[in-house]
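Residue-level structure breakdown
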Amino acid sequence: MIWRSRLGWMLGCSFLAVAASGCSDAFNAGDLVYIEAPAMTQDLGPTQGNLKDKPRLREKVRAAMKELYGPDPQTIRVPKGMPLSNGGALLASHIEGGKDPGPHPILQVSATPGSAPAPQAGGYAIYRRNCLHCHGVSGAGDGPTAPFMYPTPRDFRPGKFKFTSTPSGRPPHRDDLRRTITYGLDGTSMPAFEPLLTPAEIEEVVDYVMFLSMRGQTELALIDEAATFEEGDAGEALDEETVQSLADSVFKMWRKSQSARLNPKVARTEPTRASILRGRDLFLASDCKDCHGRLAAGDGDSFIDQETFNKIVFGGNPSERARRAEELISRDSKKLWKDDWGNPLRPANLNKPMYKGGRRPIDLYWRIAKGINGAQMPGHYPSPFDDEKTWDIVNFVLALPYEPTLLTDAPQNAPAGTAVADARGR
Amino acid sequence: MRKWSILFAMAAISTVGCFVYSYFDPDWWLPNTARDMHRVVSTFGREIDNLFLIILFVTGGVFIITQVVLVAAMYRFPDRRDEQGRPVRKAVYSHGSQLLELIWTVIPAGILVFIALYQMGTWASIKYRGSAPRVPPLAEITARQFQWVMRYPGPDRKLNTADDLVVIDDLHFVKKQSVLIYLKSADVLHSFYLPQLRIKQDAVPGLTIPVWFDCDEAGEYELVCAELCGWGHYKMRGNVTVHETEKDLRRWIDEKLAEQGRSQLAMIPGSGSEGGDRDD
Ligand SMILES: [Cu+2]
């Protein structure tokens, strides 16, 4: 009879093991913490103030951040004047302190058992479920899947976004973020969330991205401000008023962006042969070819060549990229190989009809007119291109993938205008 | 110890019970429309379900027969011991029965041959390129990690020209019409799966694979990836909309094309998102 009781034990134990692993929520709860801006503890060069040797000032910044935005991602605080929908009420499902959030609402994200069922999941929950594994808990682009991606997910904290409709260098319009999240960024790992989230959920997560972004920008501003003080004067640094005014200036920039979209003054020129050829000549006569190359294959002179790029990016341990770049790019060559977030980057190959920021004429107008923030591509409007010229280039860019001969057959150093005359003669 | 036979009988009964129950629960039964869980909405769906049910009944019948025999044998011959704990019955040594073995080899073989022949027509009409409908392709669908890029011919009705409509994860077609798509992959293996229409086809890098199907009821369906293609596989989904008429489909395409051709903000009719700061 011994074997029977042994079997019983084995069965019982495996049942328990399965039950225990299924019930454990150690994986879910845990203490979530925001990671700090690197400038808190490191010297990143002369452009960014740092608190490397200033522990007391560091504590001040930490305290101010806690006061403004809440101590951890699960307890969100929305500072006064933050430009979010409904005063930040879309950020979380369970709001402590009644219906009217007031000036300093504390949004307790973790719904406590017994509390009323949440009307909506809230931006934080949606972010955590759909975005966190790439963009990270703090929006630093450091989620667990991020190291496997090229390009890497966006770090929201510097408040810089590539595909925007606002003036160069400014925060994005809400609709820019909405479009990025709804339709994804073609050709990158950033997925389209249209089939996965409802429009209301997308609004919620847009708010959360804006929250993380403004939070990150405030942190950088506080560090910059604190770095102007000596460690000994820490007592005087960052009083309540200064902190609020630094946060306010971040909010103000975002608020201003919401009414500062660039809307082309004239509608797109018809994509006629003449317009496309004018666009081609402008492409060849301007700085486009320096980056995108004469055949628009993404191999212009301003960027290092593909082979060196591959050696730097893929030729060994990713954490030693900077050292390889140092070795392979001579200091005086001034050639580019990465974007403002420090990620390796190459100009787009315009022979492929793949546009990260969207393929509508207006999207390409924005890219060409005001450049791509942080990605080295400069703006070209109002100078050197006016509206008509910008539309000609847009027409050319849209036609090129289907007509590669446009560039291969282009006359070398064509004086502007001849091609247009040719076209009329044809 | 007769009680063991009861345990095994219960296991067999509850297994059969699950199958019977599933017939009445839309979450358990084959994926069909929400309105009528037993109505299959596509031509291939009916053929495939037919095959599926034949196989289910054959295997179900065999399962029931073998379980009945098994439980009966256990009930009839339980292990019995005398006071000293020694077995009461003597074991019998046997070489088996050739006739029995012949029977249980020939019958399954016959069933397999029957299924193999019976399904050939269905397979041919779904997969043989010769049976593809002679219609212009609705779209070219390129799978990539982790989405479906769908390219519909524009006003010139030709694919891969500058006026194509390109959308992500959004498949639209008209009911009661044969639809032809070209399936591609930009990176790894994916599988184009329309559960309600019972269509599943792997997307293979380097190949352009024609896939055809139809649907006789307008409505919303889903498209999923059915080949584990990476960590984001679970979110590789799409919306499928089946329109009542060709006109509805064209209206959708025209709307999307108008949006794709947008060159100024003001064109958006009634969208509150432009200009002012409507938040806070
Ligand atoms: Cu897939």
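Residues numbered from 1 in each chain as written. Chains lettered and ligands numbered in written order. Predicted model: local features only at pLDDT ≥ 70, side-chain atom pairs only at ≥ 80, totals over all residues. Heavy atoms only, no water.

**Some thoughts on the domain arrangement of chain B**
All names here are of chain B.
- According to the domain assignment, chain B contains domain 1 (3-79 + 95-126) and domain 2 (136-266).
- A straight line from the C-alpha centre of domain 1 to that of domain 2 covers 35 Å.
- Opposite the 17 residues of domain 1 that make contact, domain 2 presents 13 residues.
- At the boundary of domain 1 with domain 2, total buried surface from both sides reaches about 1300 Å², with 43% on carbon and sulfur atoms.
- Ranking the residues of domain 1 by area buried against domain 2 places Pro31, Val41 and Phe44 at the top, with a combined share of 38%.
- Linking domain 1 with domain 2 are five salt bridges. (Domains from an automatic or database assignment. Contact = heavy atoms within 4.5 Å. Buried area = accessible area lost by both parts, 1.4 Å probe. Salt bridge = Lys/Arg side-chain N within 4 Å of Asp/Glu carboxyl O.)

**Quick look at the coordination of the copper ion**
- Taken together, the protein ligands of the copper ion are B:His190 (ND1), B:Cys225 (SG), B:Cys229 (SG) and B:Met236 (SD), with distances of 2.1 to 2.4 Å.
- Considering all four donor atoms around the copper ion, the spread of angles at the metal, 95 to 120°, places the coordination shape in the tetrahedral class. (Donors = N, O, S within 2.8 Å, 3.2 Å for Na, K, Ca; no water. Tetrahedral: all angles 85-135°; square planar, octahedral: opposite > 155°, others 65-115°.)

**Some thoughts on the confidence of the model for chain B**
- The share of residues in chain B with pLDDT of 70 or more is 95%, and the mean pLDDT across the chain is 90.
- At the level of chain-chain contacts, confidence expressed as ipTM amounts to 0.78, with global pTM at 0.85. (pLDDT = per-residue confidence, 0-100.)

**Description of the packing of helix 2 (residues 43-76) of chain B against helix 3 (residues 98-118) of chain B**
All names here are of chain B.
- Where helix 2 meets helix 3, the closest approach of the two axes is 11 Å, and the angle between their N-to-C directions is 175°. Judged by the inter-axis angle, helix 2 sits roughly antiparallel to helix 3. Together, Asn50, Leu51, Ile54, Ile55 and Val58 of helix 2 and Ile111, Phe114, Ile115 and Tyr118 of helix 3 make up the contact between the two elements.
- Among the residues making up the contact of helix 2 with helix 3, the classes are represented as eight nonpolar, one polar and no charged. (Axes fitted to C-alpha atoms, helices over the stretch in contact; angles between N-to-C directions. Helix = DSSP H or I, 4+ residues; strand = E, 2+ residues; numbered from the N terminus. Parallel < 35°, antiparallel > 145°, perpendicular 65-115°, else oblique. Nonpolar A, V, L, I, M, F, W, Y, C, P; charged D, E, K, R; others polar.)

**Describing the sheet that holds strand 1 (residues 139-144) of chain B**
All names here are of chain B.
- Ordered in space as 3-2-1-5-8, the five strands form an open sheet in which the pairing is mixed. The open sheet has two free edges, formed respectively by strand 3 (165-168) and strand 8 (209-213), since each of these has just one partner strand. Ignoring strand direction, the axes of neighbouring strands in this sheet form an average angle of 25°.
- When strand 1 meets strand 5 (residues 179-185), the two strands line up parallel, connected through five bridges. Bridging from a neighbouring strand, Ala139 pairs with Ile181 of strand 5.
- Helix-sheet contacts for helix 5 (residues 246-260) involve strand 2 (147-152) and strand 3, and the interaxial angle to strand 3 is about 95°. (Pairing = 2+ DSSP bridges.)

**Observations concerning helix 4 (residues 120-127) of chain B**
- Residues of helix 4 of chain B that are buried include every one of B:Thr122, B:Ala124 and B:Ile126, and no others.
- Among the structural elements, helix 2, strand 7 (199-203) and strand 8 of chain B are those in contact with the buried residues of helix 4 of chain B. (Buried < 20%, exposed > 50% of the residue type's maximum accessible area, 1.4 Å probe, protein only.)

**Regarding the interface of chain B and chain A**
- Opposite the 33 residues of chain B that make contact, chain A presents 47 residues.
- Here chain B and chain A share an interface that buries about 3100 Å² over both sides, 51% of which is from carbon and sulfur atoms.
- Its largest share of buried area at the contact with chain A, chain B owes to B:Lys235, B:Ser263 and B:Leu265, together 17% of the area lost on that side.
- Among the ionic pairs, B:Glu259 bridges to A:Arg179, the shortest N-O distance being 4.0 Å.

**Structural notes on the packing of helix 1 (residues 3-22) of chain B against helix 2 of chain B**
Residues and elements named next belong to chain B.
- At a closest axis distance of 9 Å, the pairing of helix 1 and helix 2 adopts a crossing angle of 165°. The pairing of helix 1 with helix 2 is recorded here as roughly antiparallel in orientation. Seen from above, helix 1 lies across helix 2 with left-handed handedness. Residues Trp4, Ser5, Phe8, Ala9, Ala12, Thr15, Val16 and Phe19 of helix 1 touch helix 2, and the partners they reach there are Leu56, Phe63, Ile64, Gln67, Val71, Met74 and Tyr75.
- A breakdown of the residues in the contact of helix 1 with helix 2 according to their chemical character gives 12 nonpolar, three polar and no charged. (Left-handed = near helix turned anticlockwise from the far one by under 90°.)

**Overview of a positive patch on the surface**
- On the surface, B:Arg2, B:Arg76, B:Arg80 and B:Arg89 cluster together into a positively charged patch.
- Turning to its location among the elements, B:Arg76 is positioned in helix 2. (Patch = residues over 30% accessible without salt bridge, like charges linked within 9 Å, V, L, I, M, F, W, Y side chains within 5 Å. Areas by Shrake-Rupley, 256 points an atom, 1.4 Å probe, with all protein chains shown as cover. Lys, Arg positive; Asp, Glu negative; His and termini not counted. Charge placed at Lys NZ, Arg CZ, Asp CG, Glu CD.)

**What about the environment of B:Gly206?**
- Assignment of secondary structure puts B:Gly206 in the loop between strand 7 and strand 8.
- Spatially, the C-alpha atom of B:Gly206 lies 44 Å from that of B:Val20, the residues being 186 residues apart in sequence.

**Brief notes about the state of the cysteines**
Residues and elements named next belong to chain A.
- Going through the model one piece at a time under the given rule, you end up with zero disulfides over all chains.
- For the unlinked cysteine Cys134, the closest cysteine sulfur is that of Cys131, found at 8.6 Å.
- On the basis of relative accessible area, Cys134 is assigned to the buried category, the value being 9%. (Disulfide = S-S within 2.5 Å.)

**Here's the deal with a nonpolar patch on the surface**
All names here are of chain B.
- The grouping of Trp4, Leu7, Phe8 and Leu70 at the surface amounts to a nonpolar patch, some 370 Å² of accessible area in total.
- The biggest single contributor to the nonpolar patch is helix 1, with three residues.
- Within the secondary structure layout, Phe8 lies in helix 1.
- By relative accessible area, which is 36% here, Phe8 ends up partly exposed.

**A closer look at the side chain of A:Arg346**
All names here are of chain A.
- Checked against the element boundaries, Arg346 lands in the loop between helix 11 (321-328) and helix 12 (361-370).
- Notably, Arg346 is buried but unbridged: the nearest opposite-charge side chain belongs to Asp299, and the N-O separation is 6.4 Å.
- Here Gln306 takes part through its side chain, which lies 3.3 Å from a polar atom of the side chain of Arg346. (Polar contact = N/O pair within 3.5 Å; in protein donor to acceptor, adjacent residues only side chain to side chain.)

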